[in-house]
Amino acid sequence: MATFDDVTERRRTEERMTHLAHHDTLTNLPNRSMFRERLDQALSETQAAPAAILSLDLDRFKAVNDTFGHPAGDWLLKCVAERLRRCLRSDKDVVARFGGDEFAIIQFNIKAAADAEKLAKRIIEVIGKPYRDKGREMHVGVSLGIALYPGDGRDVDTLLTNADMALYRGKSEGRNIYRFFEPGMDAMVRERRALEADLEAALPRREFELDFQPILDIASGDIVGAEALMRWRSPSRGLVPPDDFIAAAEEIGLIVQLGDWALRRTCGVAAGWPRDMRMAVNVSAAQIKSSGFARSVISALAFSGMPAHRLELEITETVMMDESDAVLRTLGQLRGLGVRIALDDFGTGYSSLGYLRRFPVDKIKIDRSFIRDLDKRDTAAIVRTVIALGTELGITVTAEGVETAAQLDMLRKAGCGEAQGFLIGVPAKASEVSRLLRSQASLRRSG
Ligand code: C2E
Ligand code: MG
Ligand code: MG
């Protein structure tokens with residue numbers, strides 16, 4: 001009997017070990033290695049039926065962890081696992097947890113891509129419903145990438161990579177999205193990854209530069225400030241404009257360090273310029289959301305000796321759209337020190353006037369797309385209205401992208417405070433702007 005017990009016990013232990021090796025301990029779902037095994041098995045059958053491989057990644061899961069703590073995050077992951085399990089139609093299908101907030105699904109025996117699409121839509125709907133625990137309510141979303149067997153690949157690695165590729169693409173377009181793999185996607189993703197890798201290396205290699213674009217006070221005709229605009233001088237890519245790399249820098253979190261560098265550098269440049277010149281720096285939402293932002297601004301000011309009222313932070317509406325009050329509190333704190341806040345690209349987003357009530361700004365910058373169309377009656381009416389609104393609220397209005405004398409003339413007549421654009425000056429090296437300022441000062445002395 002003893003021997004029999006020993007054998008059973010040993011077998012049980014072995015079974016437990018195998019189970020552990022193949023399952024995720026938190027959710028008890030199959031893990032990555034089990035998932036691969038099952039897929040490999042199915043594909044090796046001689047006449048394997050079409051299947052879909054779905055790669056999943058939760059949206060905003062980090063926020064749940066940060067806000068409610070890790071035990072709540074773990075509980076939520078278990079709920080997600082259970083909901084996913086229930087989304088599957090056949091018990092042959094597999095849902096696995098790959099780790100963190102990553103999951104994957106094999107949907108066997110599909111008739112058409114539409115079957116996978118239906119499943120993806122159902123998952124987005126089911127996962128997006130609130131999670132309630134101990135009186136708390138949590139929300140997450142999910143994004144999915146889908147690869148189809150045999151069209152998108154015939155082996156496990158290719159299928160998984162392609163599903164990930166589609167997921168990655170979906171994530172870059174927004175949240176709560178599903179995307180099918182498409183040929184050409186891999187080239188795009190590879191290119192983006194290469195850009196991100198180059199970007200990571202660029203800061204320690206000092207490949208970033210700032211150009212400065214002068215800002216004109218329309219009534220006096222004086223240059224009263226300048227905006228710092230970032231450029232990336234990459235040895236392999238040449239001079240890269242910010243529109244091509246800021247979004248990637250935000251995605252990989254580099255923008256916090258990079259923005260900090262821009263702030264310090266701008267304040268440093270300001271120290272050598274006339275005392276009444278204002279310096280504008282663009283800041284991303286991700287920077288303001290990072291915990292050390294206020295400290296980083298204060299330290300840049302202190303280090304350079306530049307007074308706070310000369311610094312202007314240009315933010316976009318996405319900053320105001322943030323649900324948390326922390327961002328508005330940070331901006332309020334900085335504004336309390338005298339730092340000015342400008343609302344950039346006004347008119348391009350939601351342009352909700354509610355933002356102007358939620359947070360008082362010092363400046364509105366009308367986006368250059370409006371100035372370009374200033375000769376159109378409707379656009380001109382909008383621009384005049386924004387200028388009047390600014391006057392009424394005591395907010396400076398700056399027109400961006402002023403390229404012709406006719407545009408400047410019209411803005412002057414409408415009572416616009418400031419202008420910026422190629423007509424006044426193109427973005428240039430600090431030393432060149434400095435020369436312009438000196439000649440302006442000497443003109444003023446002689447006039
Ligand atoms: P923005 O803040 O609206 O900057 C103005 C952009 O308009 C600049 O493009 C400038 O070169 C361009 N511009 C100025 N005058 C004219 C004109 O008369 N006509 C035309 N067609 N364009 C004009 P740039 O330098 O390519 O910057 C693009 C955007 O990149 C900026 O838009 C800003 O949102 C972002 N950016 C630039 N530097 C930084 C930075 O240091 N940090 C962050 N977070 N974003 C930055
Ligand atoms: Mg700007
Ligand atoms: Mg702008």
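The structure we're discussing is the one just above.
Since the structure is predicted, the reported quantities are computational estimates derived from the model, not experimental observations.

Looking at the packing of helix α4 (residues 70–87) against helix α5 (residues 113–128)
Geometrically, a packed helix pair is captured by the angle between its two axes and the distance between the axes.
No. 1: Axis separation between α4 and α5 bottoms out at 10 Å; the angle between their running directions is 145°. Where α4 crosses over α5, the two elements pack in a sense that is right-handed. Residues V80, R83, L84 and C87 of α4 form the contact with α5, whose participating residues are L119, R122, I123, V126 and I127.
No. 2: For the contact of α4 with α5, a count of residues per class yields 7 nonpolar, no polar and 2 charged.

Section: the state of the cysteines
No. 1: Here the structure, examined in full by the defined rule, presents 0 disulfides.
No. 2: The thiol of C79 is unpaired, and the distance to the nearest cysteine sulfur, on C87, comes to 13 Å.

Observations concerning the coordination of the magnesium ion (ligand 2)
No. 1: Distances from the magnesium ion (ligand 2) to its protein donors, E227 (OE), N282 (OD1), E314 (OE) and D344 (OD), fall within 1.9 to 2.2 Å.
No. 2: Between the magnesium ion (ligand 2) and the magnesium ion (ligand 3), both coordinated by D344, there is a metal-metal distance of 4.0 Å. Of this pair, E227 sits in strand β9 (residues 222–234) while E314 sits in strand β12 (residues 311–315); the two residues are 87 residues apart in sequence, bridging distant segments of the chain.
No. 3: When its relative accessible area of 1% is taken as the criterion, E314 is described as buried.

Thoughts on the pattern of salt bridges
No. 1: Under the defined criterion, the tally for this structure stands at 32 salt bridges.
No. 2: D66 serves as the salt-bridge partner of K62, at 2.7 Å between the closest nitrogen and oxygen. Remark: D66 and K62 occur in helix α3 (residues 61–68); sequence separation between them is 4 residues, near one turn of the helix.
No. 3: Looking at K62, the relative accessible area reads 59%, which means it is exposed.
No. 4: Residue classification places D66 among the exposed residues on the basis of a relative accessible area of 54%.
No. 5: Via salt bridges that share partners, E209, D211, R231, R233 and K429 belong to a single interconnected network.

Description of α5
No. 1: Here α5 is 16 residues long and its end C-alpha atoms lie 23 Å apart, about the 22 Å a rise of 1.5 Å per residue gives.
No. 2: Among the residues of α5, those classed as buried are A116, L119, A120, I123, I124, V126 and I127.
No. 3: The inward-facing, buried residues of α5 contact β1 (51–59), α4, β3 (102–107), β4 (131–133), β6 (141–149) and β7 (178–180).

Quick word on the coordination of the magnesium ion (ligand 3)
No. 1: Surrounding the magnesium ion (ligand 3) are the protein donor atoms D344 (OD), D345 (OD), E400 (OE) and E400 (OE), which sit 2.0 to 2.6 Å from the metal.
No. 2: One chain supplies every donor for the magnesium ion (ligand 3), spaced along it as D-D-x54-E.

Some points on the packing of aromatic side chains
No. 1: Evaluation of the coordinates by the stated rule reveals 6 aromatic pairs.
No. 2: Ring geometry for F35 versus F98: centroids 5.2 Å apart, planes at 85°, classification edge-to-face. Of the two residues, F35 is situated in helix α2 (residues 32–44) and F98 in strand β2 (residues 94–99); the sequence distance between them amounts to 63 residues.
No. 3: A centroid spacing of 5.9 Å and a plane angle of 75° characterise the contact between W232 and F245, whose relative ring orientation is edge-to-face. One end of the pair, W232, is in strand β9; the other, F245, is in the loop between β10 (238–240) and α8 (246–251), and 13 residues separate them in sequence. There is no split in this pair, since W232 and F245 are both buried.
No. 4: The ring of F108 is capped by K92, whose NZ or CZ atom sits 5.1 Å from the centre of that ring.

Details of the site of ligand 1
No. 1: As a matter of local geometry, ligand 1 sits amid 21 residues, with S284, D344, R368, E403 and F422 nearest to it.
No. 2: Q213 places a polar side-chain atom, nitrogen or oxygen, 2.9 Å from a nitrogen atom of ligand 1.
No. 3: Contacts to ligand 1 include N282, whose side-chain N or O atom sits 2.9 Å from an oxygen atom.
No. 4: With the chains in place, 85% of the 800 Å² that ligand 1 exposes on its own is no longer accessible.
No. 5: Mapped onto the shell around ligand 1, the elements with two or more residues apiece are β9 and β13 (340–346).
No. 6: Considering every element that reaches the shell around ligand 1, the biggest residue donor is β9, with 4 residues.
No. 7: Here the shell around ligand 1 is composed, by residue class, of 7 nonpolar, 5 polar and 9 charged.

Observations concerning the nonpolar core
No. 1: Ranked by internal contacts, the top residues of the largest apolar core, which has 80 residues, are F212, W273, L313 and L411.
No. 2: Looking at which element gives the most residues to this core, the answer is helix α9 (residues 255–271), with 7 residues.
No. 3: Residues within four places of L411 in sequence aside, it is in contact with I218, I371, L374, V383, I387, A399, V402 and C416.

A closer look at helix α18 (residues 430–446)
No. 1: Here α18 contains 17 residues, and its C-alpha end-to-end distance of 24 Å stays within 8% of the 24 Å for a straight helix at 1.5 Å per residue.
No. 2: Where α18 is concerned, the buried positions are A430, V433, S434, L437 and Q440. All buried residues of α18 project into a common sector of 120° when viewed along the axis, lining one side. In α18, the exposed positions that point more than 90 degrees away from the buried face belong to R435, R438, L443 and S446.
No. 3: Residues of α18 that are buried make contact with β8 (208–217), β9 and α9.

Digging into the pairing of β6
No. 1: Where burial is concerned, most of β6 is hidden: 9 out of the 9 residues are buried.
No. 2: Residues G141, S143, G145, A147 and Y149 of β6 are buried on one face, and the alternating residues V142, L144, I146 and L148, pointing to the opposite face, are buried as well.
No. 3: Two strands pair when backbone bridges link them, and β6 and β7 are joined in this way by 3 bridges, in the parallel orientation. Bridge pairing in β7 links I146 to F180.
No. 4: For the crossover that starts at β6, traverses helix α6 (residues 156–173) and ends in the parallel β7, the hand is left-handed.

Conventions adopted
Residues numbered from 1 in each chain as written. Chains lettered and ligands numbered in written order. Predicted model: local features only at pLDDT ≥ 70, side-chain atom pairs only at ≥ 80, totals over all residues. Heavy atoms only, no water. Axes fitted to C-alpha atoms, helices over the stretch in contact; angles between N-to-C directions. Helix = DSSP H or I, 4+ residues; strand = E, 2+ residues; numbered from the N terminus. Left-handed = near helix turned anticlockwise from the far one by under 90°. Contact = heavy atoms within 4.5 Å. Nonpolar A, V, L, I, M, F, W, Y, C, P; charged D, E, K, R; others polar. Disulfide = S-S within 2.5 Å. Donors = N, O, S within 2.8 Å, 3.2 Å for Na, K, Ca; no water. Buried < 20%, exposed > 50% of the residue type's maximum accessible area, 1.4 Å probe, protein only. Salt bridge = Lys/Arg side-chain N within 4 Å of Asp/Glu carboxyl O. Expected span 1.5 Å × (residues − 1). Phe/Tyr/Trp six-rings, centres within 6.5 Å; stacked < 30°, edge-to-face > 60°. Lys NZ or Arg CZ within 6 Å of the ring centre and 35° of its normal. Near = heavy atom within 4 Å. Polar contact = N/O pair within 3.5 Å; in protein donor to acceptor, adjacent residues only side chain to side chain. Areas by Shrake-Rupley, 256 points an atom, 1.4 Å probe, with all protein chains shown as cover. Core = buried A, V, L, I, M, F, W, Y, C linked by side-chain atoms within 4.5 Å. Arc of directions from axis to C-beta. Pairing = 2+ DSSP bridges. Right-handed = clockwise from strand over helix to strand, strands pointing away.

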